[in-house]
Amino acid sequence: MQAIKKLDYAQPSLEGAIRIPGDKSVSHRSIMFGAIAEGTTTVEGFLQSDDCLSTIDCFQKLGVEIAIDGDKVKISSNGISNWKEPNEVLYTGNSGTTTRLMLGILAGSSGSSVLIGDESIQNRPMRRVTEPLKQMGAKLIGRENGQFTPIAVEGTNLQAIHYKMPVASAQVKSAILLAALNANGETVVEEIETSRDHTEKMLQHFGASIAVNDKTIRLQGGQKLKATHVVIPGDISSAAFFLVAGAIVPNSNLTLTNVGLNPTRTGIMDVLQAMGASFTVNDSENSSHEEMGTIEIQSSALIGTEIGGELIPRLIDEIPIIALLATQAKGKTIIKNAEELKVKETNRIDAVVNELKKLGANITATDDGMIIEGPTTLHGGDLLTYGDHRIGMMAAMASLITTEAVTIDNPGCIAVSYPTFFEDISSVIK
Ligand code: S3P
């Protein structure tokens, strides 16, 4: 039986500082890029979470030497052309980023491998990646014509493509760009909305040349990556839970340091601003190649807002916690154009609406998002995580303002992105 965690914080206030742990997206990429490059790459600020450890495990099975020491990682690789053919299945756990980016990388490597993930991954759509990769000449076989893992990859010579992406997805964009590194010719990717650009930034940091013009990206194949040192900023998607808690828990004042402030990820700040939250940003720090800084936030009187369009990819992972925020805002919050939520770790439209309703929220699911009417006093309840880390963290933050205790099933799923989440909550409770 899975553990159930009782959260009975008795309506605290929050005060103090939290150093936000490493960015999950950037941590995955640091391992991948370090493994592709020949030589020794050193990483600092690495997020040692279940998802990122899945990425490390896959590359170790490909013969790449990886040593972890807290948040420091050393990757020693003979380069992508010298990886060994793994004699075990590559297990990508709960991680969509690992699964989709690995498909792009392995498609143009030499050797054969098989990828499989956990139950959630086995139900997440992969054709969005396998289809463009097949257009490049990739040899991939998976259930339902490459839609679901397990997927077998036989590395081969790839050809560049010009690809217009049908969805705004950094995972799809990144899988194509990583395949393009090993393809003949220049690959062009056109996005429908700008998604997170960590791959583009890290390609440059590893010495590749890439041209980005608004939503069009061009990458010449045959470029070699140069091993380097990577400093990873904290994950704004993890910070988001504490930004919301700071704004909705009465008498609170939180300082979050080491927060990644890449503009393709800061949609949550736009929403907090539109809702009238009181916060300040000091963005004077930098990681090795990404913006970062400190955010201070206080309890705030909030108003509803509308969230859609180009903002959605800039806050896609924050929507569960934004929904909680909206339950405390005066008036209506409308979240639209967010149908991608249905194919995340779980269907996050259904999960958020079902669980917040159990606490008394006035929230309705729509085809492409949700509508929340606030403010409402939330009461206690027994909530489900659906094995989804961000639903679990949303439920935990809700428990800080509920009039009675909240329980959550499977709190262990939070370790996918934020293993020290509960310790960090405890450290700021007054
Ligand atoms: C990620 C991209 C996003 C995001 C995911 C991480 C990445 O997914 O939701 O948590 O690291 O590239 P999509 O690319 O599917 O939108």
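As the structure is a computational prediction, the values presented were derived from the model and not from experiment.

A. Representation of the sheet that holds strand E22 (residues 362-366). One open sheet holds the four strands; their spatial order is E20-E21-E23-E22, and the pairing between them is mixed. Strands with a single pairing partner mark the edges of an open sheet, and in this sheet they are strand E20 (306-307) and E22.

B. How the structure looks around the nonpolar core. Core analysis: the biggest nonpolar cluster contains 76 residues, and Phe242, Leu324, Met370, Met397 and Phe421 have the highest contact counts within it. For Phe242, the contacting residues outside a window of four places in its chain are Ile18, Leu254, Leu256, Ile297, Met397, Tyr418, Phe421, Asp424, Ile425 and Val428. Ranked by size, the runner-up nonpolar core spans 61 residues in total, among them Ile66, Ala175, Ile176 and Leu225.

C. Quick peek at the domain arrangement of the protein. Partitioning the protein into domains gives domain 1 (4-22 + 234-428) and domain 2 (24-231). Placing a centre on the C-alpha atoms of domain 1 and another on those of domain 2 gives a separation of 29 Å. Across the boundary between the two partners, domain 1 contributes 26 residues, which contact 29 residues of domain 2. Surface buried jointly by domain 1 and domain 2 totals about 2,300 Å² across both partners, of which 50% is contributed by carbon and sulfur atoms. Broken down residue by residue, the surface that domain 1 buries against domain 2 is led by His289, Glu345 and Val416, which jointly contribute 24%. For the pair domain 1 and domain 2, the interface holds three salt bridges. Between Glu340 and Arg128 there is a salt bridge, and its shortest N-O distance comes to 2.9 Å. Inspection of the region where domain 1 meets domain 2 yields 15 residue pairs in polar contact (both at pLDDT 80 or more). Across the side of domain 1 that touches domain 2, the residue classes break down as seven nonpolar, nine polar and 10 charged.

D. Looking closely at the site of the ligand. With respect to spatial proximity, the complete set of residues near the ligand consists of Ser25, Arg29, Thr97, Arg100, Ala168, Ser169, Ala170, Gln171, Arg196, Ile316, Asp317 and Lys344. Contacts to the ligand include Ser25, whose side-chain N or O atom sits 2.7 Å from an oxygen atom. Between an oxygen atom of the ligand and a side-chain N or O atom of Arg29, the distance comes to 2.6 Å. Protein contacts shield 94% of the accessible area of the ligand, which totals 380 Å² for the unbound molecule. Looking at the shell around the ligand, you find at least three residues from each of domain 1 (4-22 + 234-428) and domain 2 (24-231).

E. Inspection of the pattern of salt bridges at higher detail. All chains considered together, the criterion is met by 20 salt bridges. Note that Glu355 is salt-bridged to Lys358, the shortest N-O span being 2.9 Å. Of this pair, Glu355 and Lys358 are both found in helix H12 (residues 348-358), three residues apart, which corresponds to roughly one turn of the helix. Three or more residues are tied together by salt bridges with common partners; here these are Arg124, Arg196, Asp317, Glu345, Arg348, Asp388 and Arg390.

Rules of the game
- Residues numbered from 1 in each chain as written.
- Predicted model: local features only at pLDDT ≥ 70, side-chain atom pairs only at ≥ 80, totals over all residues.
- Heavy atoms only, no water.
- Pairing = 2+ DSSP bridges.
- Helix = DSSP H or I, 4+ residues; strand = E, 2+ residues; numbered from the N terminus.
- Core = buried A, V, L, I, M, F, W, Y, C linked by side-chain atoms within 4.5 Å.
- Buried < 20%, exposed > 50% of the residue type's maximum accessible area, 1.4 Å probe, protein only.
- Contact = heavy atoms within 4.5 Å.
- Domains from an automatic or database assignment.
- Buried area = accessible area lost by both parts, 1.4 Å probe.
- Salt bridge = Lys/Arg side-chain N within 4 Å of Asp/Glu carboxyl O.
- Polar contact = N/O pair within 3.5 Å; in protein donor to acceptor, adjacent residues only side chain to side chain.
- Nonpolar A, V, L, I, M, F, W, Y, C, P; charged D, E, K, R; others polar.
- Near = heavy atom within 4 Å.
- Areas by Shrake-Rupley, 256 points an atom, 1.4 Å probe, with all protein chains shown as cover.

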